[in-house]
Amino acid sequence: MVVRGGTWFDGTGQPGLRRDLGIRNGRVVSVSATPLPAGPDTQLIDAAGQWVMPGFIDVHTHYDAEVLVAPGLGESVRHGITTAIIGNCSLSTVYTTPVDAADLFSRVEALPRDHVIKALEGGKTWTDPASYVEAIDDLPLGPNIAAFLGHSDIRTAVMGLGRSTDRSHTPSRGEMDAMLEAVNDALDAGFLGVSGMTNPWDKLDGDRYRSRSLPSTYAHWSERRKINKVLRQRDRVLQTIPNLNTKYDILFFLAGSTGLGRKPLKTSVLAAADAKSDRWVRRIFGPIATVANNWGRGALRWQHLPVPFQVYSDGIDLVVFEEFGSGRAALHLREEMGRNDLLADPEYRRWFRKDFETKFSSRIWHRDFDDAEITECPDESMIGKTVEEVARERGVHSTDMFLDLVVDYGTKFRWRTVITNDRPEIADWLIKQNGVTIGFSDAGAHLRNMAFYNYGIRLLQRVKEAEHGSRTPFLTIEEAVHKLTGELGEFYGLDAGFLREGDRADFVVVDPAGLTDQTKEYAEATMTEFGGIKRMVNRNDDAVSATVVGGQYLYGRGNFAPGFGTTVQAGQFLRAGAARGTVRERSTA
């Protein structure tokens, strides 16, 4: 393959140069200032006037079930993602049974439970981390896959789902040893590290232990420290989310990441954001990282989504309602009639209104129905209005109006709001703060609630707009490319994120002319693998003219290559610490 005439960025942060790239056997073999010859068997990609850069690394996805039934992961590949990291937020499918895994994943990540079970029952061939890696590696992957081992996964497998979510039970010495052995086995197999969770808002699905928090949240800090000790010794990563009720545990993560008199612990924490609910919060992320990284010689990184965090909800089916008791009570009830009876009860409504209006509770959602636009409703006169506007027209309180709409129309009542990152100038400032890295797309989860598959393209669009004078420039193109690629590859210890001679040929060709407002729009697409659910997606096909993984062309301008996701094996499981340019010979079945 020859990539001709593009402006080449190598992922290190160096300025782009006009270069031809020569690709052979999955690696970059030539970066040339003069045109490279192309023979009759050479695949030619014309990149004139375009940007050629390493493929983006999506550090926060929940593709753990989807990759088994749709291994092409086309919604990411079409937007230039060439490496996706799974196993985040304490959730992985390495050790647990299909039913336990579905109870862990489905409600937290808003995935159809029956189809998660079906995917795992039909696709689970592994018994340990090594055979899991082999199973993923054997799939006709689109992007490369890297993985964390979930703390909730191993806790469930060792203690059982019931005991692991019961505060009266702590792991015995033998159980703790078994968990540490599981961690070491995963690291031996090439996992990036362990993902944890201390935030209690995320709840179990199913009927057995429904509405209990995830197992990882029940772990004492002594248990976490033992796992962290293994990660520190082996230079692997802890990915985690703090307790958003108490918030003080971020100090434990800060202290744990420091390297004073010891090796630092690489720690990746959700999430640096400009929240509407607490405008002051955005000021803490840079100083905390400065204390940990500069003063404490640590390795603390914040994950940041570089776009407005806009969410949609079908009725009350949105994770933000897990923040308060009355919302959790409604989501606890899966059956619509029983839920509607609850929502119509006057006593419940008083409870809901009190929770909703409490000023000083911990929250991510701003809880402002004047900032909740109705996008779909059988009563079309409401579409385009906010819930608060409709409430004022009808002379009722906004919480009663909202609950009435849910009772009357159920999931046919659809609305949207922006929760964080709504102010462009603050978003530009935040992305340059100490320790802030790009991530947190949640790709593969919340299929009806949000779509950030194109966050890398949208960041490049913001940078382009700023460079052309619409607002103050905040990053150069090469800096943005580095933040989307090489910076992440280095931190996570992956052979990814760079595009130099000898590197893996995982890259994307971006047409700057396609970086338009189309990147901000949402669409829907049918996901046949999950029962025909209409998932939210992004469609800006003019922006990406080529996505190449392992030297194989997979996608360009709205079209996937023949055999994509079915017979063509392009991606592979990327093992932590693997040597540069690790490309396994691929074939088409």
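Residues numbered from 1 in each chain as written. Predicted model: local features only at pLDDT ≥ 70, side-chain atom pairs only at ≥ 80, totals over all residues. Heavy atoms only, no water.

- By the naming in an unreviewed UniProt entry, the protein goes by Amidohydrolase family protein and is assigned to Williamsia marianensis.

**Description of helix α4 (residues 113-123)**
- Listing the buried residues of α4 in full gives Val116, Ile117, Ala119 and Leu120. All buried residues of α4 fall inside an arc of 160° around its axis, so they share one side. Pointing more than 90 degrees away from the buried face of α4 are the exposed residues Asp114, Lys118, Glu121 and Gly122.
- Contacts made by the buried residues of α4 are with α1 (66-69) and α3 (98-109). (Buried < 20%, exposed > 50% of the residue type's maximum accessible area, 1.4 Å probe, protein only. Helix = DSSP H or I, 4+ residues; strand = E, 2+ residues; numbered from the N terminus. Arc of directions from axis to C-beta. Contact = heavy atoms within 4.5 Å.)

**Quick word on the sheet that holds strand β6 (residues 56-58)**
- Spatial ordering of the open sheet is given by β6-β7-β8-β9-β10-β11-β12-β16, a layout of eight strands whose pairing is parallel. Where the open sheet ends on each side, the last strands, each with one partner, are β6 and β16 (436-438). The sheet shows a mean angle of 30° between the axes of neighbouring strands, taken without regard to direction.
- When β6 meets strand β7 (residues 81-86), the two strands line up parallel, connected through three bridges. Paired with Asp58 across the bridge in β7 is Ala84.
- Where helix α6 (residues 151-159) meets the sheet, it contacts β8 (144-150) and β9 (193-195), and its direction lies at approximately 50° from that of β8. (Pairing = 2+ DSSP bridges. Axes fitted to C-alpha atoms, helices over the stretch in contact; angles between N-to-C directions.)

**Some words on the environment of Thr472**
- Along the chain, Thr472 falls in the loop between α18 (455-467) and α19 (477-484).
- Measuring from C-alpha to C-alpha, the distance between Thr472 and Val281 comes to 23 Å, with 191 residues separating the pair along the chain.

**Focus on the pairing of β7**
- For β7, a buried count of six out of six residues is recorded, marking the element as mostly surrounded by other parts of the structure.
- In terms of strand pairing, β7 meets β8 through four bridges, oriented parallel. Across the sheet, Ala84 pairs through a bridge with Ile145, a residue of β8.

**Topic: helix α8 (residues 173-189)**
- The end-to-end C-alpha separation of α8 is 24 Å, in line with the 24 Å expected for 17 residues at 1.5 Å each.
- Burial in α8 covers these residues: Glu175, Met176, Met179, Leu180, Ala182, Val183, Ala186, Leu187 and Ala189.
- As for α8, its buried residues are in contact with α5 (129-137), β8, α6, α7 (161-164), β9 and α9 (221-233).
- Following α8 by one or two positions, Gly190 has its phi on the positive side, about 105°. (Expected span 1.5 Å × (residues − 1).)

**Some words on the pattern of salt bridges**
- One pass over the structure, following the stated rule, counts 41 salt bridges.
- Here Arg416 makes a salt bridge to Glu373, at a shortest N to O gap of 3.0 Å. Placement of Arg416 in strand β15 (residues 414-420) and of Glu373 in strand β14 (residues 373-376) is noted, with a sequence separation of 43 residues between them.
- The partly exposed category is assigned to Arg416, whose relative accessible area is 25%.
- What makes Glu373 partly exposed here is its relative accessible area of 27%.
- A salt bridge links Asp511 to Arg557; the nearest nitrogen and oxygen atoms lie 2.9 Å apart. Here Asp511, found in the loop between β17 (507-510) and β18 (523-527), pairs with Arg557, found in the loop between β21 (552-556) and β22 (559-560); they are 46 residues apart in sequence, far enough to count as distant. (Salt bridge = Lys/Arg side-chain N within 4 Å of Asp/Glu carboxyl O.)

**Considering the side chain of Asp103**
- Positionally, Asp103 belongs in helix α3.
- Overall, Asp103 belongs to the buried group, its relative accessible area being 0%.
- For Asp103, the side chain forms a polar contact with the side chain of Arg113, separated by 2.8 Å.
- Asp103 has contacts with Arg113, Leu161, Leu204, Asp205, Gly206 and Arg208, leaving out every residue within four places of it along the chain. (Polar contact = N/O pair within 3.5 Å; in protein donor to acceptor, adjacent residues only side chain to side chain.)

**With respect to the packing of aromatic side chains**
- Under the defined criterion, the tally for this structure stands at 33 aromatic pairs.
- Judged by centre distance (6.0 Å) and plane angle (70°), the ring pair of Trp365 and Phe369 falls under edge-to-face.
- The exposure class assigned to Trp365 is buried, which follows from its relative accessible area of 0%.
- Among the aromatic residues, those joined into a ring-pair cluster are Phe321, Phe324, Tyr348, Trp351, Phe352, Phe356, Trp365, Phe369, Phe402, Phe413 and Trp415.
- It is Arg224 that lies over the ring of Trp221; its NZ or CZ is 5.2 Å from the centre.
- The ring of Phe491 is capped by Lys266, whose NZ or CZ atom sits 5.7 Å from the centre of that ring. (Phe/Tyr/Trp six-rings, centres within 6.5 Å; stacked < 30°, edge-to-face > 60°. Lys NZ or Arg CZ within 6 Å of the ring centre and 35° of its normal.)

**Looking at unusual backbone geometry**
- Ala271 follows Leu270 through a cis peptide bond whose omega is -20°.
- Here Ala271 lies in the loop between β11 (266-270) and α11 (285-295).
- Positive phi, normally seen in glycine, also occurs at Ser211, with a value near 75°.

**Considering the packing of helix α13 (residues 336-344) against helix α16 (residues 398-409)**
- The geometry of α13 relative to α16 is characterised by a closest axis approach of 10 Å and an angle of 155° between their N-to-C directions. The angle between α13 and α16 falls in the class roughly antiparallel. With respect to the hand of their crossing, α13 and α16 are arranged in left-handed fashion. On α16, the residues that touch Asn340, Leu343 and Ala344 of α13 are Leu403, Val406 and Val407.
- For the contact of α13 with α16, the class distribution of residues is five nonpolar, one polar and no charged. (Parallel < 35°, antiparallel > 145°, perpendicular 65-115°, else oblique. Left-handed = near helix turned anticlockwise from the far one by under 90°. Nonpolar A, V, L, I, M, F, W, Y, C, P; charged D, E, K, R; others polar.)

**Observations concerning the nonpolar core**
- Membership of the largest hydrophobic core comes to 141 residues, with the highest contact counts inside it found for Phe191, Phe321, Phe402 and Leu460.
- Of the residues forming this core, the biggest block, eight residues, is contributed by α8.
- Leaving out residues up to four positions away in the same chain, Phe321 has contacts with Ile316, Gly327, Arg328, Leu331, Phe352, Trp365, Phe402 and Trp415.
- In this structure, Val28, Ile45, Ala47 and Val548 belong to the second largest nonpolar core, which totals 16 residues. (Core = buried A, V, L, I, M, F, W, Y, C linked by side-chain atoms within 4.5 Å.)

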